[in-house]
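# Architecture at a glance
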Amino acid sequence: MKQDDIYFEAMRTRDPRFDGKFFVGVKTTGIYCRPICPAKPKRENTEFFANSHLAEAAGYRPCLRCRPESAPQSSAWIGKSATVQRALKVLNSSQTIDFNEDSFADKFGVSARHLRRLFIEEIGKTPKQLAFENRLNLSRKLIVETSLPLAEVAFAAGFNSIRRFNDAFKERFKKAPRDIRRNSTSEKKGLQISLPYRPPFDFEGLINTYRNHRIGNLEWFEGDKMTRVVSFGKQVGQISISNNHEKSSLLVEIDFPDTSAIHMILHRVRSMFDLDSDPVMIANALERDKDIKKMLKVYPGIRLFSGWDPFEISMGAILGQLVSIEFGRALVHDLIEIAGSDSGLKRDGKSIKLFPTPEQILDADLTALKTTGNRKQTLKEFSKAVVEGRISLDSAQDVEQFQKSLLAIRGIGPWTAHYITLKALRSTDTFPASDLILNRALEHHPKEVLEKMSPWRGYVAALFWRTYSENLSKKKKRKSP
């Protein structure tokens, strides 16, 4: 069967596993769609594109029904060169809507002019144009899914001029914002926004991991719903995250006073729940080993777990050295109570403190923290390195250089360095082999097999943790009187 025939069959059945992996151009209407779109064009009227940029370059405009800009991102978006691949990944996962060509190019060690040339050659658009389209894509999502006033939508998408926003929106989507607006079905306080993913999706594994590693009083769980207090600058609010299995999407409820933070909130949720992962592609790579294949059948759609903030993750990793999950969680709670600032929010009558900044940890008296003096010093030294810029938590950086920077800090060894790299940088090929559970797992899986799993060894680690943590827990229960 030819590739286009496979694509057409996926489109005909609206298979969500292919969402974002290709797009369908409909010749008779001049629009392009996601493969899950309700539209049913005839085979002879369709052509297929690896990404939305190619579809638009061919003259197609995005569908108003399925909204291609809402699809999970795909590895098919990447260009040919390593520089463009990295730049696209960073661009599509950027936490900010502000864009500066020079500082963006600096991340990859090239000039802005050279990066523009590479993008034009491989994608047909410059980084600045793609960043601008991302802002418009966010605005349409907010118009369709929320009842935010259009002026606030424009502000949330980074526009200071309503006229400029209206003109840009109409140029991209061929309709004015007011003509796209639908009646909001939500009467709840705050905003409700859906974030699609490709099934299968091991939401249960992720939510249980976050429940076990919850951050002080900032996070709490009701069934399979996670709520988190968030802050940006001096503004504080909260979000709730739940899974809509039928629609293959997460529902994010946002109650935050500043709409300009919506983009950052959605980015962090996407990263935290690994929503742009391609479970079919990863499974195809991992299933080359029969034992790992069996594990994937038990836990299909395994995802990389991470956290809300890379600095939080790093502090938790340092405090979690050589202690149980429960004690590590208690230490994180105590650190927040000692050094954090009041959020202004309460739960069950108790004030909620925010996670301390690096500066607050440097200024804090950690005498009451029930860990070793060396570990307290490591917290301080790590925080100082972040403040001074010797350590960056930017996910775009070189992984090996990042680990060298971590290991230069007294009190950080290979386990902590690899663990922070895996979780904070979301490095898909990092495997913390010295971890207790992973080390036991390696007794049953040759390292030669693991090497063949590159660049997805991070997912192997997640799968081993999921599998062998369950097995160890069952053994402990059987031994209990």
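Residues numbered from 1 in each chain as written. Predicted model: local features only at pLDDT ≥ 70, side-chain atom pairs only at ≥ 80, totals over all residues. Heavy atoms only, no water.

This part is about the packing of helix H6 (residues 127-145) against helix H8 (residues 162-173). Taken N-terminus to C-terminus, the directions of H6 and H8 make an angle of 95°; their axes are 10 Å apart at the nearest point. One element, H6, and the other, H8, form an angle in the roughly perpendicular class. Across the interface between the two elements, Phe132, Glu133, Leu136, Asn137, Ser139, Arg140 and Ile143 of H6 pack against Arg164, Phe165, Ala168, Phe169, Arg172 and Phe173 of H8. Classifying every residue of the contact of H6 with H8 by side-chain character gives seven nonpolar, two polar and four charged. (Axes fitted to C-alpha atoms, helices over the stretch in contact; angles between N-to-C directions. Helix = DSSP H or I, 4+ residues; strand = E, 2+ residues; numbered from the N terminus. Parallel < 35°, antiparallel > 145°, perpendicular 65-115°, else oblique. Contact = heavy atoms within 4.5 Å. Nonpolar A, V, L, I, M, F, W, Y, C, P; charged D, E, K, R; others polar.)

Bringing the sheet that holds strand S4 (residues 61-62) into the picture now. With respect to topology, four strands assemble into an open sheet ordered S3-S1-S2-S4, the strand pairing being mixed. Two strands lie at the open edges of the sheet, namely strand S3 (46-49) and S4, each paired on one side alone. With two bridges connecting them, strand S2 (residues 31-33) and S4 associate as parallel partners. Among the inter-strand pairings, tyrosine 32 is bridged to a residue of S4, identified as proline 62. (Pairing = 2+ DSSP bridges.)

The next point concerns the pattern of salt bridges. Where charged atoms from two side chains of opposite charge come close, those side chains can pair. Here the structure, examined in full by the defined rule, presents 26 salt bridges. Aspartate 278 serves as the salt-bridge partner of lysine 21, at 3.1 Å between the closest nitrogen and oxygen. Here the residue lysine 21 occupies a position in the loop between helix H1 (3-13) and strand S1 (23-26), and aspartate 278 occupies one in the loop between helix H11 (262-272) and helix H12 (279-286), the gap between them amounting to 257 residues. Among the ionic pairs, arginine 270 bridges to aspartate 276, the shortest N-O distance being 2.7 Å. Note on arginine 270: relative accessible area 16%, which makes it buried. On the basis of relative accessible area, aspartate 276 is assigned to the partly exposed category, the value being 25%. Within this structure, Glu56, Lys125, Glu133 and Arg172 form a network of salt bridges that share partners. (Salt bridge = Lys/Arg side-chain N within 4 Å of Asp/Glu carboxyl O. Buried < 20%, exposed > 50% of the residue type's maximum accessible area, 1.4 Å probe, protein only.)

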